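# Structural description and commentary
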Amino acid sequence: MTKIRIAFSKEDPVRWLSHLDTQKLFERALRRADIPLAFSEGFNPHPKIAFASALAVGVVSLSEYVDIELAAEVDPDVVGEKLQKAMPEGVRILGVTIIPHNAAALMAVINRADYRLRAALTAPVTEEHLAATVEKALQQTSWLVERDGKRGVSTKDIRAGVFRLQASLHDQMLLIETLVQTGSEGNVRPDEVLRVLMEQGNLPVDQESLRIIRVGLYIAKGDQLRSPMEEL
Amino acid sequence: MHLQKNTWQHTEQEISQLLEERILAQVTKPTRYTGGEFNQVRKNWDDVDVTMAFAFPDVYEVGMSHLGLRILYHLVNDQPRMAMERVFAPWTDMEAKMRQAGVPLFALESRKPLKDFDVLGFTLQYEMAYSNILNMLDLAGIPLEAGERDLTMPLVIAGGPCAMNPEPLAPFLDAVILGEGEEVLLEFLQTVADFRREQAEAQHTATGSVQPAGIRNTGTQPASTQPAGTGVYGDRLQAKRELLARLARIPGVYVPSFYEANYDAQGRFRELTPTHPDAPARILKRVVRDFDSAYFPEEPLVPYMQVVHDRIMLEVLRGCTRACRFCQAGSNYRPVRERSTERLLAQAEKLVQATGYDEIALTSLSTADHSCVSPLIRNLIAQNKDKKVGVSLPSLRVDAFSVDLAKEVQKVRKTGLTFAPEAGTQRLRDVINKGVTEEDLMNTVTSAFENGWSTIKLYFMIGLPTETEEDLEGIARLAEAVANRGSAILRQKGIKKGVKITVSTSSFVPKPQTPFQWEPQMARAELEAKQEWLKKRLRDRRIQYSWHDARLSFLEAIFAKGDRRLAAVLKRAWASGCSFDGWSDLFQFEKWQAAFEAEGINPDDYAYRPIAYDEPLPWEHLDIGVQRSYLIGEHEKALTATLTADCRTGSCSGCGVCSTLSVSNDLRGKKG
Ligand code: SF4
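Definitions and limits used
Residues numbered from 1 in each chain as written. Chains lettered and ligands numbered in written order. Predicted model: local features only at pLDDT ≥ 70, side-chain atom pairs only at ≥ 80, totals over all residues. Heavy atoms only, no water. Near = heavy atom within 4 Å. Nonpolar A, V, L, I, M, F, W, Y, C, P; charged D, E, K, R; others polar. Contact = heavy atoms within 4.5 Å. Buried area = accessible area lost by both parts, 1.4 Å probe. Salt bridge = Lys/Arg side-chain N within 4 Å of Asp/Glu carboxyl O. Polar contact = N/O pair within 3.5 Å; in protein donor to acceptor, adjacent residues only side chain to side chain. Helix = DSSP H or I, 4+ residues; strand = E, 2+ residues; numbered from the N terminus. Domains from an automatic or database assignment. Axes fitted to C-alpha atoms, helices over the stretch in contact; angles between N-to-C directions. Parallel < 35°, antiparallel > 145°, perpendicular 65-115°, else oblique. Left-handed = near helix turned anticlockwise from the far one by under 90°. Pairing = 2+ DSSP bridges. UniProt positions renumbered as here; feature names shortened; annotations may be inferred. Core = buried A, V, L, I, M, F, W, Y, C linked by side-chain atoms within 4.5 Å. Buried < 20%, exposed > 50% of the residue type's maximum accessible area, 1.4 Å probe, protein only. pLDDT = per-residue confidence, 0-100. Phe/Tyr/Trp six-rings, centres within 6.5 Å; stacked < 30°, edge-to-face > 60°. Lys NZ or Arg CZ within 6 Å of the ring centre and 35° of its normal. 1 Å grid on protein atoms, 1.4 Å probe; cavity = no way out; pocket = protein on both sides within 12 Å on 5 of 7 lines; lining within 4 Å. Points joined across faces, edges and corners; volume = space filled by probe spheres on them. Expected span 1.5 Å × (residues − 1).

The name given to chain B in an unreviewed UniProt entry is Radical SAM family uncharacterized protein, and the organism recorded there is Heliophilum fasciatum.

The name that an unreviewed UniProt entry assigns to chain A is Radical SAM-linked protein, with the source organism given as Heliophilum fasciatum.

## Overview of the site of the ligand
Taken together, the neighbourhood of the ligand is formed by R334(B), P335(B), C647(B), C652(B), S653(B), G654(B), C655(B), G656(B), V657(B), C658(B) and N665(B). Among the residues making up the shell around the ligand, the classes are represented as 6 nonpolar, 4 polar and 1 charged.

## Some words on the interface of chain A and chain B
Chain A puts 29 residues into the contact, and the matching count from chain B is 31 residues. At the boundary of chain A with chain B, total buried surface from both sides reaches about 2,600 Å², with 50% on carbon and sulfur atoms. Our count for the contact surface shared by chain A and chain B stands at 8 salt bridges. As a salt-bridge pair, E21(B) and R211(A) come within 3.1 Å of each other at their nearest N and O atoms. The interface formed by chain A and chain B includes 12 residue pairs in polar contact (both at pLDDT 80 or more). For the side of chain A that touches chain B, the element with the most residues is helix 1 (residues 19-32) of chain A, which contributes 7 residues.

## Here's the deal with the domain arrangement of chain A
Residues and elements named next belong to chain A. According to the domain assignment, chain A contains domain 1 (2-107) and domain 2 (112-226). Contact residues are listed per partner, giving 14 residues for domain 1 and 9 residues for domain 2. Carbon and sulfur atoms make up 47% of the area that domain 1 and domain 2 hide from each other, which totals about 890 Å². Between domain 1 and domain 2 we count 1 salt bridge in total. For the salt bridge of E64 with R214, the shortest nitrogen-to-oxygen distance reads 2.9 Å. In this structure, the connection of domain 1 to domain 2 is made through 8 residue pairs in polar contact (both at pLDDT 80 or more). For the side of domain 1 that touches domain 2, the leading source of residues is strand 3 (residues 60-70), giving 6 residues. Of the residues belonging to the side of domain 1 that touches domain 2, the class tally is 8 nonpolar, 3 polar and 3 charged.

## Concerning the packing of helix 10 (residues 341-355) of chain B against helix 11 (residues 373-384) of chain B
Residues and elements named next belong to chain B. Where helix 10 meets helix 11, the closest approach of the two axes is 10 Å, and the angle between their N-to-C directions is 30°. With respect to their mutual orientation, helix 10 and helix 11 come out roughly parallel. For the element pair helix 10 and helix 11, the recorded crossing hand is right-handed. Taken together, the residues of helix 11 that come into contact with helix 10 (itself represented by T341, L344, L345, A348, E349 and V352) are L376, N379, L380, Q383 and N384. A per-class count over the contact of helix 10 with helix 11 returns 6 nonpolar, 4 polar and 1 charged.

## Looking at the sheet that holds strand 18 (residues 543-547) of chain B
All names here are of chain B. In space, the 4 strands of this open sheet follow the order 15-16-17-18, with parallel pairing throughout. Where the open sheet ends on each side, the last strands, each with one partner, are strand 15 (417-422) and strand 18. Within the sheet, the average angular offset between the axes of one strand and its neighbour, ignoring direction, is 20°. In the packing of helix 16 (residues 524-537) onto the sheet, contacts are made with strand 16 (455-462), strand 17 (500-507) and strand 18, and the angle to strand 18 comes to roughly 170°.

## Thoughts on the UniProt feature "domain: DUF2344" (unreviewed entry) in chain A
Look at the UniProt record and you will see "domain: DUF2344" (unreviewed entry) annotated at residues 3-190 of chain A. What you have in residues 3-190 of chain A is 22% helix and 38% strand, and the ends, taken at the C-alpha atoms, are 32 Å apart.

## Description of the nonpolar core
A general feature of soluble globular proteins is that nonpolar side chains tend to end up buried together. All names here are of chain B. If you look at the biggest cluster of nonpolar residues, it comprises 117 residues, and the most contacted ones within it are L114, L120, F188 and W592. Here this core gets 7 residues from one element, more than from any other, and that element is helix 7 (residues 181-207). Excluding residues that lie within four positions of it along the chain, F188 makes contacts with V119, L155, I157, A175, I177, L247, I250 and V253. One finds L345, Y357, L376 and V391 within the second-largest nonpolar core, a separate group that totals 64 residues.

## Brief notes about the confidence of the model for chain B
Residue and element names in this part refer to chain B. Residue-level pLDDT values for chain B average 92, and 93% of them are 70 or greater. A low-confidence stretch, residues 1-7 (pLDDT under 50), is modelled with 13 contacts involving residues beyond four sequence positions or located in other chains. Taken together, the stretch residues 210-233 has pLDDT below 50 and engages in 47 contacts with residues farther than four places along the chain or on a different chain. Interface confidence in the predicted complex, given as ipTM, is 0.92; pTM for the same model is 0.93.

## Some remarks on the sheet that holds strand 3 (residues 119-123) of chain B
Either a parallel or an antiparallel arrangement is found when strands of a sheet pair, and the pairing is made through backbone hydrogen bonds. Residues and elements named next belong to chain B. As summarised here, the arrangement of the 6 strands in space is 2-1-3-4-5-6, forming an open sheet in which the pairing is mixed. Among the strands making up the open sheet, the edge pair consists of strand 2 (82-88) and strand 6 (253-254). With 5 bridges connecting them, strand 3 and strand 4 (residues 155-159) associate as parallel partners. Among the inter-strand pairings, F122 is bridged to a residue of strand 4, identified as A158. Sheet strands touched by helix 6 (residues 130-139): strand 1 (50-56), strand 2, strand 3 and strand 4. Its angle to strand 3, the strand with the most contacts, is close to 155°. Each of strand 1, strand 2, strand 3, strand 4, strand 5 (175-177) and strand 6 is contacted by helix 7, which is oriented at about 135° to strand 1, the strand it contacts most.

## Section: the environment of Y630(B)
Residue and element names in this part refer to chain B. Inspection of the secondary structure assignment puts Y630 in helix 21 (residues 628-639). Measuring from C-alpha to C-alpha, the distance between Y630 and T514 comes to 9.7 Å, with 116 residues separating the pair along the chain. If near-sequence neighbours (up to four positions away) are discounted, Y630 is found in contact with A323, R334, S653, G654 and C655.

## Focus: the packing of aromatic side chains
Under the criterion given, the structure shown has 18 aromatic pairs over all chains. Ring plane angle 55° and centroid distance 4.6 Å describe the contact between F8(A) and F26(A), whose orientation is recorded as tilted. Here F8(A), found in strand 1 (residues 2-10), pairs with F26(A), found in helix 1; they are 18 residues apart in sequence, far enough to count as distant. Of the residues examined, F8(A) reaches a relative accessible area of 1% and is grouped as buried. Taking 5.5 Å as the distance between ring centres and 75° as the angle between the ring planes, the aromatic pair formed by F559(B) and W592(B) counts as edge-to-face. Separated by 33 residues along the polypeptide, F559(B) in helix 17 (residues 550-560) and W592(B) in helix 19 (residues 589-599) bring together distant segments of the chain. Overall, F559(B) belongs to the buried group, its relative accessible area being 1%. The class of W592(B) is buried, set by a relative accessible area of 2%. We note R32(A) situated over the ring of F38(B); from NZ or CZ to the ring centre the distance is 3.6 Å. The aromatic ring of W45(B) is capped on one face by K112(B), whose charged end is 4.7 Å from the ring centroid.

## Re empty space enclosed by the protein
Residue and element names in this part refer to chain B. Enumeration over the complete set of coordinates arrives at 5 cavities of 30 Å³ or more. Considering the residues around the second largest cavity, the lining is formed by R32, Y33, Y60, V87, F88, A89, P90, M98, L105, F106 and L108. Looking at the lining of the second largest cavity, the elements that each hand over two or more residues are helix 2 (31-34) and strand 2. For the lining of the second largest cavity, the per-class residue count stands at 10 nonpolar, no polar and 1 charged.

## Here we look at unusual backbone geometry
The linkage connecting D12(A) with the following residue, P13(A), adopts the cis geometry, with an omega of -5°. Secondary-structure assignment places P13(A) in the loop between strand 1 and helix 1. Residues R334(B) and P335(B) are joined by a peptide bond in cis, for which omega reads -10°. Here P335(B) lies in the loop between helix 9 (328-332) and strand 12 (337-338). Phi is positive for S662(B), close to 50°, though the residue is something other than glycine. Tracing the sequence through the fold places S662(B) in the segment after helix 22 (657-661).

## Section: helix 5 (residues 190-201) of chain A
Residue and element names in this part refer to chain A. With 12 residues, helix 5 should reach 16 Å at 1.5 Å per residue; the first-to-last C-alpha distance of 17 Å fits that figure. In terms of burial, helix 5 is a largely internal element, 9 of the 12 residues being buried. All of the buried residues in helix 5 are P190, E192, V193, L194, V196, L197, M198, Q200 and G201. Buried positions along helix 5 lie against strand 5 (112-121), helix 4 (127-139), strand 6 (144-149), strand 8 (162-170), strand 9 (173-181) and strand 10 (205-221).

Structural data, given as structure tokens:
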């Protein structure tokens, strides 16, 4: 049995696919590409495909990862080429690598996500005010946000899960870059970071215009960020 | 709620930007509107002569499950100089966002407004989608009435099963395609393309213009404000009439505006008279003669979101000659034409490769009837075992053979099996010519229970002609007999799990072009009382009962057998907010009642009035091949509960289809 890890992007129009749709998309594309999938045992055999982390509908990602078990040995470059051809517009296969059979699950090891946000402002904001807002926010030790969950609304403190935060202005647009916690130890959502800033600085943001890009997913070891494609 | 036409002025770039930057993030299931699915065809409009939008008047997941769409989409797009795109009815949340942002209804592929297309073609799958058609036209900024549209607007056409009587939609449609679309559509589109080219050339000569003399609106100006009297045809409506005349000369094409409907003093339909020299008195439907080699797409669209039929649809045969007397599809798709096993196997192989689906459904009106179904299934399973691609049957006949087939295809999961005895007693089943006996049903379910199934669904109709209380009791009795048989077998096999029987009743709707077209529908109150009665009667804990909304069946009956006067009712109901009528939580019956009232039309006249054989019928100019004399004969036989044999194996019952349409039953092998 062979296990491969694939890095891919999720752009227009597939950014609108739900997590489930994305799983189906991969299953079908792998079958179209004639890649020999390994199946689970049992009554209803299904292919063994494991994604790194769910992505909110509408968010563009430039670095998604998926692990797939195969029934035969393959040349990763050939897999990449064939799979690219079997993909619709909006999915770019960025890399394919063979991983050890016992490699830790992506879900378990990925713990950092790097986001870029862009939103229109409905009234002018000065660079100084924005810088002061970011500084003020970062000085605080607690950022409380409300989250809709299965069991109603809960309050969470996300401050400890925000590792980097920068904001800038560009033609009435607010740009934010932030590195946050993700994965099994907890998730910080990029729109929550935006909301904190909006509250801190009274920023007049047109929330309907918000666009989010996930730029990277990483494995943090101490101060170092490593790509899931190298950290095996 | 409905916006002015002149606000719908967006180009495809603007539409795209509004979708991507604002709208899609705010609606449920955005992939209904994104397009871009695998195997989608997106053409450069500069390289084609004619463009058509295929419009399905229901949501994406329903429309994308429709085989006809997949066939026609790829058939047209396989032509180098033609382009077909898709559009579905936006769900209510999307509609609200679009109206708010002034985004006109657009096609998924290019995101161009529908107004920019040459042809906009609606498929008529069920009557209760008609209000969505008007809503989609409105959302596209296209005038509803055909007479208000000149050639700056697309030709609005329709086809599909309800085209057997499109009269309630007549004022809205420029043309209707009768019969199997793949036979007619290319000819139709080529005629439009030729006409547009000639117009452009003529205008070029007349004005010396170097512009490609677009008589097509580019979407920047409402039709009415464009300068009239330019081009050789001067009057744009005259030009459109000329195009319609050419289209009317294509066999199978019906141009409603070339006919005038007359009614007598009592308000009964009298006749439809042609008012144009090119309008034939009768329009004969078109049909595929060599089904085996007929076009079938081998690289079909693969949706992203889960659609209703989310699998490969392999069309194994078309038509059914079992001659159930209530069945419109039976009339419409005669005779039986099978595809050969070799071809189906080859198609399946390519389809798996091109779609990546893990399931092949063998679709048709009655797949178990294919004369080679067993070897076909065995071969398909063998061919796809390694890829873990399964085979499925969408519907089963009531016989043990069907259970054997189901056993063969069932990978392992034992989900329920569904059978349709349709009526509760032998007498009534004979009336409708459903050639199923109680013994058949009991043998079938015995085999199912013995093979490990424990959930059975039974479909019946209530309100059938001649139905009595005994027939209703029969439904209950059959359900109990099935449940008892199941319990006994499961107990015998030592299985702890209990049986589950679902009984589902729909209300009989007399459909045009069937032997029951002269029959009235049973009164709503009576149907509801029968549903109530069954609800009380089916108290057995193993049996669940569900039924269809009788109010919806009532409207369906009205529009199925309606005439042109219903168009005003439809328009009024839509204007008062009706759409998605087939979705129970959006159905607003009171608004429909108010619309009938306001238009002074008594709906009961359409649904509840028995029609005499010598009365003219609003759909009689549409010839689907099945002859009136045969339908009368079948109706009479029904009333005496006399059976008619399946002509595919027995002798010809003289329905007239084969001689009228120059076709014949086309079977591919011996059963076994
Ligand atoms: S004409 Fe005869 S053989 Fe042909 S479909 Fe009708 S009944 Fe059957």
